[in-house]
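Coordinate inspection notes
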Amino acid sequence: MAMKLRQAALRAAIVLAAVAAFAGRGAAQTADTLCVYRSWQSIFNQRADTVVVNPKIEVRSPYDYDFSTADKRVTRSLRQRSVAVAIGDSTWLISSNWIKANFKGDCSHFSRFVPLFFSAKVAFVQWLRGGPTFGGVMLNMMVGLVTGMDTGVGMGGMYNGATAPFYHLDFATHTVHKVDSDYLIGLLDAYPDLLRRYTMMKDYQSTPMVNSYFMEYVDRLNSDPSVPYLF
């Protein structure tokens, strides 16, 4: 039904074997198509509500993407009405306008379209103000593979990506939570073994360690039959 995070991680691992730091920023590139989703039902079913042909993709930073077309009405609709967009079948970006209109919490600083990761049970984004990051490197490489465009990736920024925090979209309370150590400990209360391993780590409060154990939490959540679907 929805894209499985483990499958996405496997594809990302293949990509990351060949990628690195985000270099050129700000240049608009053209992709053949951009799939546009206007509801989470469409996202989970991976059935686009519309397809934009030959959109311009502007990579302002690894966590700040924007899109435009020759038709100003289409561009306005893309920016104001979409929930998320997809380039190919693996590169997902969510509209910060949609997040800010539907969620409270740690999201006021998000820019335009930001990287989205999701399964049927959990959704989150990753954001950092400027600079080369792991997620940005992955996204730019994925965009390059899918569209054939030069996104300026090289080998430098993989570690920086580990320091870009995740932001959990809590659909129950319509709140965006930055996944720091305190928030992660609250999530891991449901899985005492993970919590114990996490808090035993010497650098458990560091963002790379938080990110690593958050992904372990996501894996556990996805395989837990007692956890309901988001919708």
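Residues numbered from 1 in each chain as written. Predicted model: local features only at pLDDT ≥ 70, side-chain atom pairs only at ≥ 80, totals over all residues. Heavy atoms only, no water.

**As for helix 9 (residues 207-223)**
For helix 9, built from 17 residues, the straight-helix expectation of 24 Å at 1.5 Å per residue is met to within 8% by its first-to-last C-alpha distance of 24 Å. Taken together, the buried positions of helix 9 are occupied by Met209, Val210, Asn211, Tyr213, Phe214, Tyr217, Val218 and Leu221. (Helix = DSSP H or I, 4+ residues; strand = E, 2+ residues; numbered from the N terminus. Expected span 1.5 Å × (residues − 1). Buried < 20%, exposed > 50% of the residue type's maximum accessible area, 1.4 Å probe, protein only.)

**What about the pattern of salt bridges?**
Counted according to the given criterion, the structure contains six salt bridges. Within this structure, Asp64, Asp66, Arg79 and Arg112 form a network of salt bridges that share partners. (Salt bridge = Lys/Arg side-chain N within 4 Å of Asp/Glu carboxyl O.)

**Considering unusual backbone geometry**
Generally, phi is negative for residues other than glycine and the peptide bonds are trans, each holding for most cases. Phi is positive for Gln46, which is not a glycine, with a value near 50°. Residue class for Gln46 comes out partly exposed when judged on its relative accessible area of 34%. A positive phi is found at Arg112, a non-glycine position, where the angle reads about 45°. Along the chain, the position of Arg112 falls in the loop between strand 8 (104-105) and strand 9 (113-118).

**A look at helix 8 (residues 192-200)**
Within helix 8, the full set of buried residues consists of Leu194, Leu195 and Tyr198. Projected down its long axis, helix 8 carries its buried residues within an arc of 100°, all on one side. Buried residues belonging to helix 8 abut helix 7 (181-188) and helix 9. (Arc of directions from axis to C-beta. Contact = heavy atoms within 4.5 Å.)

**Notes on the side chain of Asp66**
The residue Asp66 is located in strand 5 (residues 64-68) in this model. In this structure Asp66 touches Lys56, Ile57, Glu58, Arg60, Arg79, Arg112 and Phe113, once residues within four positions along its chain are discounted.

**Comments concerning the packing of helix 8 against helix 9**
For the pair helix 8 and helix 9, interaxial distance at closest approach is 11 Å and the crossing angle is 170°. Of the possible angle classes, the one that applies to helix 8 and helix 9 is roughly antiparallel. Facing helix 8, whose interface residues are Asp193, Leu194, Arg197 and Tyr198, helix 9 presents Met209, Val210, Tyr213, Glu216, Tyr217 and Arg220. When its residues are assigned to classes, the contact of helix 8 with helix 9 shows six nonpolar, no polar and four charged. (Axes fitted to C-alpha atoms, helices over the stretch in contact; angles between N-to-C directions. Parallel < 35°, antiparallel > 145°, perpendicular 65-115°, else oblique. Nonpolar A, V, L, I, M, F, W, Y, C, P; charged D, E, K, R; others polar.)

**Some thoughts on the confidence of the model for the chain**
Looking at the chain, pLDDT values average 79 and 71% of them are 70 or higher. Overall, residues 6-27 carries pLDDT values under 50, and its contacts beyond four positions in sequence, including any with other chains, amount to 59 contacts. With pLDDT under 50 throughout, residues 146-160 is counted as low confidence; its partners more than four residues away or in other chains account for 47 contacts. (pLDDT = per-residue confidence, 0-100.)

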